[in-house]
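Summary of structural features
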Amino acid sequence: MKKQLTETSKFLSYVLRHNPGEIGLTLSSEGWADLSELILAARKAGHDLDVELIRAVIDGSEKKRFAISEDGRLIRALQGHSTDAVDIRHQPKTPPEFLYHGTATRFLGSILAEGLLPGQRHHTHLAGDIPTAFAVGQRYGKPVVLKVEALRMHQDGFVFFQAENGVWLTEKVPASYFSPMPQA
Ligand code: HQG
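Report follows, based on the coordinates. Values in this document were obtained by computation on a predicted structure and should not be read as measured data. (Residues numbered from 1 in each chain as written. Predicted model: local features only at pLDDT ≥ 70, side-chain atom pairs only at ≥ 80, totals over all residues. Heavy atoms only, no water.)

**Observations regarding the site of the ligand**
As a matter of local geometry, the ligand sits amid 17 residues, with Arg 65, His 101, Thr 103, Ser 110 and Tyr 140 nearest to it. Contact between the ligand and Arg 121: an oxygen atom at 2.7 Å from a side-chain N or O atom of the residue. Tyr 140 places a polar side-chain atom, nitrogen or oxygen, 2.7 Å from an oxygen atom of the ligand. Within the complex, 84% of the 780 Å² of free accessible area of the ligand lies under protein. Here the ligand is seated within the largest pocket. Within the residue set of the shell around the ligand, elements represented by two or more residues are β4 (98–104) and α4 (108–114). Take the shell around the ligand: its biggest share by element is three residues, from α4. Considered class by class, the residues forming the shell around the ligand number six nonpolar, five polar and six charged. Per-domain counts for the shell around the ligand show at least three residues from each of domain 1 (2–77) and domain 2 (99–180). (Near = heavy atom within 4 Å. Polar contact = N/O pair within 3.5 Å; in protein donor to acceptor, adjacent residues only side chain to side chain. Areas by Shrake-Rupley, 256 points an atom, 1.4 Å probe, with all protein chains shown as cover. 1 Å grid on protein atoms, 1.4 Å probe; cavity = no way out; pocket = protein on both sides within 12 Å on 5 of 7 lines; lining within 4 Å. Sits in = over half its atoms within 2 Å of the grid points. Helix = DSSP H or I, 4+ residues; strand = E, 2+ residues; numbered from the N terminus. Nonpolar A, V, L, I, M, F, W, Y, C, P; charged D, E, K, R; others polar. Domains from an automatic or database assignment.)

The structure is reproduced here in C-alpha cells:
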C-alpha cells in the first residue's frame, strides 16, 4: 500500500506540476485539473487511480502537496510547478526573520557563486524550519542547510509567498542573503 501511495504521489506530481500534456490533461492557470478527467486520462495511460486512492495520498502525506477543491471536483498541486500552463497568483506575505533551504553539498560551489535559483520550477523553495530543509537536501546527496535572511530580503524589496501547505516561495536568493549552517 505504501508503495502504491508513493507511486501515485509521484505520478500526480508529474502531471499536476510538470507535464499535464503527457496524458492529455489541461490545467487552469491556477493549476486546477478536473478530478474525473484526471482519473480517466490516468487510466488510459495505464495508472489505475480512483478518488479514494488520491484522497489517501493527500491525507497520508505531511507535505500536503495536493488539494481537492471544496466541491470535490478539482485537484491541484499547491507548489513546485514547472509547467508554463500554470501561473498561480499567490498572495505576497511577510516572511519570518529566517527561512531555510536544504540542498546537497555538491551544489554549494555553484549556489555560492550564482545565488539560489529556481531551476526548472517557478520559484525557489524555502522551509520554515531546519529539519524540513535538511530532509529536502537529503534528496540530492549529502545535505547542507542554508540559513536565509528572509526578512532582510523582504525589507530590500524581494517578494515572498507562502503556498497553502506552508512552503515558502520566492523568485531567487542572492548569495549575500544566506550562509551554510554548520553541520549539527
Ligand atoms: C539547487 C520538494 C546549483 C537547489 C521539496 C536544489 C521542496 C542550485 C536544486 C520542493 C542553484 C533544485 C523543491 C545554483 C539552486 N546552482 N544548484 N545556483 N540554485 N540549486 O527539486 O528546492 O517532495 O527543483 O538547492 O520538499 O530541492 O516535490 O528544488 O537542490 O519543497 O513535494 O537545485 O520539492 O517537494 O531542485 O525542492 P528542486 P528543491 P516535493
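**Description of empty space enclosed by the protein**
Under the definition given, this model contains one cavity of 30 Å³ or more. Taken as a whole, the largest cavity encloses approximately 70 Å³ of empty space. Taken together, Leu 78, Gln 79, Gly 80, His 81, Ile 88, His 90, His 122, His 123, His 125 and Leu 169 make up the lining of the largest cavity. Split into classes, the residues belonging to the lining of the largest cavity amount to three nonpolar, seven polar and no charged. (Points joined across faces, edges and corners; volume = space filled by probe spheres on them.)

**Some thoughts on the sheet that holds β4**
As summarised here, the arrangement of the three strands in space is β4-β6-β9, forming an open sheet in which the pairing is antiparallel. Of all strands in the sheet, those bounded by a partner on one side alone are β4 and β9 (178–180). Strand after strand, the sheet turns through a mean of 25° between neighbouring axes, direction not considered. Across the sheet, helix α5 (residues 130–138) is in contact with β4 and β6 (143–149); its angle to β4 comes to roughly 20°. (Pairing = 2+ DSSP bridges. Axes fitted to C-alpha atoms, helices over the stretch in contact; angles between N-to-C directions. Contact = heavy atoms within 4.5 Å.)

**So, the layout of surface pockets**
Space inside the largest pocket adds up to approximately 1500 Å³. Residue lining of the largest pocket: 47 residues in total, with Lys 63, Arg 121, His 125, Val 136 and Arg 139 positioned closest to the centre. Residue assignment for the lining of the largest pocket shows that the elements contributing at least two residues are α1 (2–18), α3 (51–60), β4, α4, β5 (124–126) and α5. It is α1 that contributes the most residues to the lining of the largest pocket, nine residues altogether. A domain-level breakdown of the lining of the largest pocket finds at least three residues from each of domain 1 (2–77) and domain 2 (99–180).

**A few points about the pattern of salt bridges**
For the coordinates displayed, the defined rule picks out six salt bridges. Here Arg 89 and Asp 87 are joined by a salt bridge, their closest N and O atoms 2.8 Å apart. Look at Arg 89 and you get exposed, because its relative accessible area is 63%. When salt bridges with common partners are traced through the structure, they connect Glu 30, Arg 76 and Glu 164 into a single cluster. (Salt bridge = Lys/Arg side-chain N within 4 Å of Asp/Glu carboxyl O. Buried < 20%, exposed > 50% of the residue type's maximum accessible area, 1.4 Å probe, protein only.)

**Thoughts on helix α2 (residues 35–44)**
Inspection of α2 places Leu 35, Leu 38, Ile 39, Ala 41 and Ala 42 among the buried residues, and these make up the whole buried set. In this structure, the buried residues of α2 make contact with α1, β1 (33–34), α3, β2 (66–68) and β3 (74–77). Remark: Gly 46 follows α2 within two positions and exhibits a positive phi of approximately 90°.

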